[in-house]
Amino acid sequence: MNNNVIYKIIGILCVVLLAASCKHHEEEYHSITDKIEAESKDYHGISISSEEHLEGLTMIEVTENGITFRIPKRKGEIKSYACTECHNKPLDQMQSKDLKKAHWNIKLNHADENTMNCITCHDGNDMDHLKSLTLKTIDFDRSYQVCSQCHTRQFTDWTGGAHGKRIESWAPPRASMTCVNCHDPHKPHFESKWPERYNTQKVEERK
Ligand code: HEC
Ligand code: HEC
Ligand code: HEC
Ligand code: HEC
């Protein structure tokens, strides 16, 4: 064999090897979705779950508008619960003009007073529970059912996950904050926040 032939053979071998190595990659991933599919093969069968993040939180499961999710329990968070420790007789027998108001720290700043007073939401005859406008008993852990009577739009958004906030993680099971986690039922409005002003005075001075 002369040198020319040897060079040709080496040349051909190189081309074949190069082609083979390129082909290898191209076959594995025809597209980015193929690549994702292939590389996530090992994860199939392992279910990703928020369960471990939710450990230690006391939650209840609710189903509203056909959607089931969890919300935090409230009763353990309410300082003056159980109310019946004091509210063991009808309200009018407890109210006195001379004494300082028992709940002096609660000032209603929600709807106007023709629309709403304490007894719109609280049950004067059973203070350990809330009540609906049609006098249905509502548990403190499900106080969103009080809010949903008047705020139907926010309620529907909330059940779908568009209003409010999820707890911990996106993975199932879904756990969401409930209305009173963010809004004080007695004064639910948030003050508007304004961005810091652009300081035109300083800019003037630096010129
Ligand atoms: C430490 C005792 C005590 C506890 C606990 C307590 N209350 Fe009262 N509450 C009173 C007294 C006394 C009155 C009546 C006199 C007054 O208005 O000051 C009253 C009045 C009220 C009123 C009527 C207020 C008004 O202005 O007409 C509401 C509503 C009420 N309580 C809700 C609750 C709820 C809900 C709980 C539990 C989450 C609770 N209370 C727990 C002592 C208590
Ligand atoms: C719009 C409905 C609504 C109205 C009106 C309302 N409350 Fe409440 N109130 C609630 C809800 C819901 C809770 C429980 C909040 C939570 O889970 O933290 C609550 C909690 C309370 C508590 C327990 C607070 C604590 O942390 O111990 C007291 C006391 C109370 N309300 C008294 C009153 C009094 C007095 C009025 C009238 C001045 C009133 N509420 C008006 C819905 C209402
Ligand atoms: C009986 C009807 C009624 C109930 C029950 C009720 N609300 Fe309201 N709420 C109103 C009205 C009326 C207003 C004042 C008008 C408005 O801004 O929509 C208001 C105002 C608000 C606002 C302030 C809106 C703003 O201006 O920023 C929030 C937030 C709110 N409510 C949350 C709640 C929550 C949370 C609950 C349950 C604990 C609740 N509401 C229960 C009728 C109700
Ligand atoms: C994770 C916190 C969070 C939860 C949970 C939440 N809200 Fe809100 N809500 C907000 C914020 C933030 C705003 C916007 C306030 C603003 O723009 O000034 C708001 C606004 C509102 C308003 C005023 C109108 C509007 O849409 O801007 C109402 C009424 C209201 N929420 C009711 C509810 C009710 C009812 C629930 C429960 C079903 C609920 N919210 C649950 C944070 C929350």
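Residues numbered from 1 in each chain as written. Chains lettered and ligands numbered in written order. Predicted model: local features only at pLDDT ≥ 70, side-chain atom pairs only at ≥ 80, totals over all residues. Heavy atoms only, no water.

### A closer look at the overall build of the protein
At step 1: Helices and strands together make up the secondary structure of the protein, namely nine helices and four strands.
At step 2: What you see in the protein, going N to C, is helices and strands ordered as α-α-α-β-β-α-α-β-β-α-α-α-α.
At step 3: Across the 207 residues in the protein, those meeting the buried criterion constitute 19%.
At step 4: Relative to all contacts within the protein whose residues are 6 or more apart in sequence, the contacts with residues 24 or more apart total 51%.
At step 5: Of the roughly 16900 Å² of accessible surface on the protein, 55% is carried by carbon and sulfur atoms. (Helix = DSSP H or I, 4+ residues; strand = E, 2+ residues; numbered from the N terminus. Buried < 20%, exposed > 50% of the residue type's maximum accessible area, 1.4 Å probe, protein only. Contact = heavy atoms within 4.5 Å. Areas by Shrake-Rupley, 256 points an atom, 1.4 Å probe, with all protein chains shown as cover.)

### Quick word on the coordination of the iron atom of ligand 2
At step 1: Only His 122 (NE2) and His 186 (NE2) from the protein reach the iron atom of ligand 2 as donors, at distances of 2.0 to 2.1 Å.
At step 2: Every donor counted, the six donor atoms about the iron atom of ligand 2 form angles of 87 to 178 degrees at the centre, which fits octahedral coordination. Of the two residues, His 122 sits in the loop between α5 (118-121) and β3 (130-131) while His 186 sits in the loop between α8 (179-182) and α9 (200-206), which places them 64 residues apart along the sequence. (Donors = N, O, S within 2.8 Å, 3.2 Å for Na, K, Ca; no water. Tetrahedral: all angles 85-135°; square planar, octahedral: opposite > 155°, others 65-115°.)

### Points about the side chain of His 87
At step 1: Tracing the sequence through the fold places His 87 in the loop between β2 (67-72) and α4 (91-94).
At step 2: With residues up to four places along the chain from it excluded, the contact list for His 87 reads Met 94, His 103 and Met 127.

### Observations concerning the site of ligand 4
At step 1: Around ligand 4 sit 14 residues in total, of which Gln 154, His 163, Cys 179, Cys 182 and His 183 are the nearest.
At step 2: For ligand 4, a nitrogen atom lies 2.9 Å from a polar atom in the side chain of His 163.
At step 3: Of all the secondary structure elements, the ones that give two or more residues to the shell around ligand 4 are α7 (152-160) and α8.
At step 4: Considering each element in turn, the shell around ligand 4 owes the most residues, three residues, to α7.
At step 5: Residue composition of the shell around ligand 4, grouped by class: six nonpolar, six polar and two charged. (Near = heavy atom within 4 Å. Polar contact = N/O pair within 3.5 Å; in protein donor to acceptor, adjacent residues only side chain to side chain. Nonpolar A, V, L, I, M, F, W, Y, C, P; charged D, E, K, R; others polar.)

### Describing a nonpolar patch on the surface
At step 1: On the surface, Ile 6, Tyr 7 and Ile 10 cluster together to form a nonpolar patch covering roughly 310 Å² of accessible area.
At step 2: Within the secondary structure layout, Ile 10 lies in helix α1 (residues 3-28). (Patch = residues over 30% accessible without salt bridge, like charges linked within 9 Å, V, L, I, M, F, W, Y side chains within 5 Å. Salt bridge = Lys/Arg side-chain N within 4 Å of Asp/Glu carboxyl O.)

### With respect to the pairing of β2
At step 1: Where strand β1 (residues 59-64) meets β2, six bridges bridge the pair, whose relative direction is antiparallel. Along β2, the bridge assignment pairs Val 62 with Phe 69.
At step 2: Between the end of β1 and the start of β2, which pair antiparallel, lie two residues, with Asn 65 showing a positive phi angle near 50 degrees. (Pairing = 2+ DSSP bridges.)

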